[in-house]
Amino acid sequence: QVQLVESGGGSVQPGGSLRLSCVASGNIFSINHIGWYRQAPGKQRELVATITHGGITNVTAHLKGRFTISRDTRKNTVYLQMNRLKPDDTAVYYCNADLSVIGVGDVASWGQGTQVTVSS
């Protein structure tokens, strides 16, 4: 069994920063692809940023320059640094990963989400 656990969400004023973390645990052989999505109230879930096994990063165009994705492979952890936050960034942020699990194979997994609220 594998698990993704997000943390770091909270309430922040416009212009502030937050760093989200997602830790992958379980019988993981490798993390093939991991990233962040978000879902605002009444809206569809949207891709925020991803990072591949080889370390190639991708940030959704309209978030580039404010959001950065990074990882610590030794800790099976991915981070999302969010700067100059805006009220429109308010959403539940989800971690998503494609994992190679020992004895199972490739597994797609979602975290439970962490709330980010940007408000004055």
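These lines cover the structure that appears in this document, whether it is placed above or below. Keep in mind it's a predicted model, so treat the numbers as computed, not measured.

**Structural notes on the overall build of the chain**
Moving on, step 1. Within the chain, the regular secondary structure consists of zero helices and eleven strands.
Moving on, step 2. For the chain, the N- to C-terminal ordering of α and β elements is β-β-β-β-β-β-β-β-β-β-β.
Moving on, step 3. For the chain, whose C-alpha radius of gyration is 14 Å, the value lies close to the compact-globule estimate of 14 Å for 120 residues.
Moving on, step 4. Its C-alpha atoms give the chain principal-axis dimensions of roughly 50 × 25 × 25 Å.
Moving on, step 5. Considering the chain as a whole, with its 120 residues, one finds that 43% of them fall into the buried category.
Moving on, step 6. The long-range fraction of contacts in the chain, counting pairs at least 24 apart against all pairs at least 6 apart in sequence, stands at 55%.
Moving on, step 7. Entry remark: accessible area of the chain is about 6400 Å², with carbon and sulfur atoms responsible for 48%.
Moving on, step 8. Put simply, the chain has 11 plus and 7 minus side-chain charges, and the middle of one group is 7 Å from the middle of the other.

**As for the state of the cysteines**
Moving on, step 1. What the rule picks out here adds up to one disulfide.
Moving on, step 2. Sulfur-sulfur distance for the disulfide between Cys22 and Cys95 comes to 2.1 Å. Its S-S torsion of approximately -85° makes the covalent link between Cys22 and Cys95 left-handed. Of the two residues, Cys22 is situated in strand β3 (residues 18-26) and Cys95 in strand β9 (residues 91-101); the sequence distance between them amounts to 73 residues.

**Some remarks on the pairing of strand β1 (residues 2-7)**
Moving on, step 1. Residue alternation in β1 divides its side chains into a buried set, Val2, Leu4 and Glu6, and an unburied set, Gln3, Val5 and Ser7.
Moving on, step 2. Across six bridges, β1 lies against β3 in antiparallel orientation. Considered in β3, the bridge of Val2 is made with Gly26.

**Digging into the packing of aromatic side chains**
Moving on, step 1. Applying the stated rule across the entire model yields two aromatic pairs.
Moving on, step 2. Between Tyr94 and Trp110, the ring centres sit 6.4 Å apart and the planes meet at 85°, which makes this aromatic pair edge-to-face. Of the two residues, Tyr94 is situated in strand β9 and Trp110 in strand β10 (residues 105-110); the sequence distance between them amounts to 16 residues.
Moving on, step 3. On the basis of relative accessibility, which here comes to 15%, the residue Tyr94 falls in the buried class.
Moving on, step 4. Among the aromatic residues, those joined into a cluster by ring pairs are Tyr37, Tyr94 and Trp110.
Moving on, step 5. When the ring centre of Tyr94 is taken as reference, the NZ or CZ atom of Arg45 above it lies at 3.8 Å.

About the cut-offs
One numbering rule holds for all chains: residues counted from 1, following each sequence as written. Two thresholds apply to this predicted model, a pLDDT of at least 70 for residue-level local features and 80 or more for giving and counting side-chain atom pairs, whereas whole-chain, interface and lining totals are computed over all residues. Calculated side-chain values reflect all of the structure's heavy atoms, with hydrogen atoms and water omitted. Only DSSP runs of H or I with at least four residues qualify as helices, and only runs of E with at least two residues qualify as strands; both kinds are numbered from the N terminus onward. With C-alpha atoms as the basis for the radius of gyration, the globule rule is written as 2.2 Å multiplied by the number of residues raised to the power 0.38. When a residue's accessible area, from a 1.4 Å probe over protein chains only, is under 20% of the maximum for its type it is buried; when over 50% it is exposed; and in between it is partly exposed. Throughout, a contact is declared for two residues whenever any of their heavy atoms are within 4.5 Å. Throughout, the Shrake-Rupley method with a 1.4 Å probe supplies accessible areas, and for residues the shown protein chains are the sole cover considered. The convention is simple: Lys and Arg are positive, Asp and Glu are negative, and His and the chain ends are not counted. Positions of charges follow a simple convention, taking NZ of Lys, CZ of Arg, CG of Asp or CD of Glu. Disulfide: a pair of cysteine sulfur atoms within 2.5 Å of each other. Think of it this way: DSSP has to see at least two bridges between two strands before they count as a pair. Each pair of aromatic rings taken from Phe, Tyr and Trp, with Trp reduced to its six-membered ring, is defined by centres within 6.5 Å and is described as stacked if the planes are under 30 degrees apart, edge-to-face if over 60, and tilted in the remaining cases. A ring is scored as having a charge over it whenever the NZ atom of a lysine or the CZ atom of an arginine sits within 6 Å of its centre and within 35 degrees of its normal.

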